[in-house]
Amino acid sequence: MSRIEQLISEIEEYIDTCKYQALSNNTKIIVNKEELEELLVELRLRVPDEIKQYQKIISNQEAILNEARYQADNMIQEATAQTNDLVNEHEIMQRAYAAANQVVEDARAQAQAILDAAVNDANSIRQGAIQYTDDILRDLQNIMLSTMEGAQGRFDAFMSTLQSTCDVVSNNRSQLVQDVTPQEAAPGEELGPMA
């Protein structure tokens, strides 16, 4: 298991251990921001390293193909050398020619099979690397969306509390204005509205 997969598992375990937010119908949780940020920072640092490893695997595709071509060229050269040896022997020239052609054809077929297998292997490795990277990025995106949703819920609750407090202050001020009457004012002094 890669370190990124371990980090994702740790984040999932951490989320599972978090308490649910009150009145959230068990859909929102309270998280320790520092712990979650530490895990996300390490995850951010690890993702480029693993992507580089997969890019290195993909770049090895060319080396695999070159090795296959090299082996194919060697087989063809050996077959050609065998053909030349057989042709040089006059008494078995016809048989040598037929055998040499067969060797060359076999070498070409084998070389093509090696090339085809190398291309298939390289494509398979590339697809696997791309899929794995996409899975990691999808998991990271889901974690970030969940974190953003939790943060939005906390922000909404905070704004609701502020609004409620502001309403109480406004009501208290209105009540103070109503409680102050003109009889309480000093003689010759007008009582204006409270600001």
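Reading the values: rules and limits
- Residues numbered from 1 in each chain as written.
- Predicted model: local features only at pLDDT ≥ 70, side-chain atom pairs only at ≥ 80, totals over all residues.
- Heavy atoms only, no water.
- Helix = DSSP H or I, 4+ residues; strand = E, 2+ residues; numbered from the N terminus.
- Buried < 20%, exposed > 50% of the residue type's maximum accessible area, 1.4 Å probe, protein only.
- Contact = heavy atoms within 4.5 Å.
- 1 Å grid on protein atoms, 1.4 Å probe; cavity = no way out; pocket = protein on both sides within 12 Å on 5 of 7 lines; lining within 4 Å.
- Points joined across faces, edges and corners; volume = space filled by probe spheres on them.
- Nonpolar A, V, L, I, M, F, W, Y, C, P; charged D, E, K, R; others polar.
- Core = buried A, V, L, I, M, F, W, Y, C linked by side-chain atoms within 4.5 Å.
- Patch = residues over 30% accessible without salt bridge, like charges linked within 9 Å, V, L, I, M, F, W, Y side chains within 5 Å.
- Areas by Shrake-Rupley, 256 points an atom, 1.4 Å probe, with all protein chains shown as cover.
- Salt bridge = Lys/Arg side-chain N within 4 Å of Asp/Glu carboxyl O.

**Overview of the overall build of the protein chain**
Here's step 1: On a plain count of helices and strands, the protein chain comes out with three helices and two strands.
Here's step 2: Ordered by position in the sequence, the α and β elements of the protein chain form the string α-β-β-α-α.
Here's step 3: Counting only residues that meet the buried cut, the protein chain has 20% of its 195 residues in that class.
Here's step 4: Taking the contacts inside the protein chain whose residues are at least 6 apart along the sequence as the reference set, 64% of them involve residues at least 24 apart.

**Focus on the layout of surface pockets**
Here's step 1: The computed volume of the largest pocket comes to approximately 170 Å³.
Here's step 2: Here the element with the most residues in the lining of the largest pocket is helix α3 (residues 93-179); it accounts for six residues.
Here's step 3: Split into classes, the residues belonging to the lining of the largest pocket amount to five nonpolar, four polar and three charged.

**Section: the nonpolar core**
Here's step 1: In this structure, I4, I11, L40 and L43 are the most contacted members of the largest nonpolar core, which totals 18 residues.
Here's step 2: When contributions to this core are tallied by element, the ones reaching two or more residues are α1 (3-17), α2 (33-88) and α3.
Here's step 3: Here this core takes six residues from α2, the largest share from any one element.
Here's step 4: When residues no more than four places from it in sequence are discounted, the contact partners of I11 are L36, L39, L40, L43 and I143.

**Remarks on the side chain of T133**
Here's step 1: As for its placement among the helices and strands, T133 is situated in helix α3.
Here's step 2: In this structure T133 touches I51 and Y54, once residues within four positions along its chain are discounted.

**Regarding a nonpolar patch on the surface**
Here's step 1: A cluster of nonpolar side chains, contributed by F155, F158, M159 and L162, occupies part of the molecular surface with about 400 Å² of accessible area.
Here's step 2: Note that F158 resides in helix α3.

**Side note on the environment of V31**
Here's step 1: Counting through the fold element by element, V31 comes out in the loop between β2 (29-30) and α2.
Here's step 2: Residues V31 and Q21, 10 residues apart in the sequence, show an inter-C-alpha distance of 9.5 Å.
Here's step 3: Leaving out residues up to four positions away in the same chain, V31 has contacts with Y14, C18, L36 and R154.

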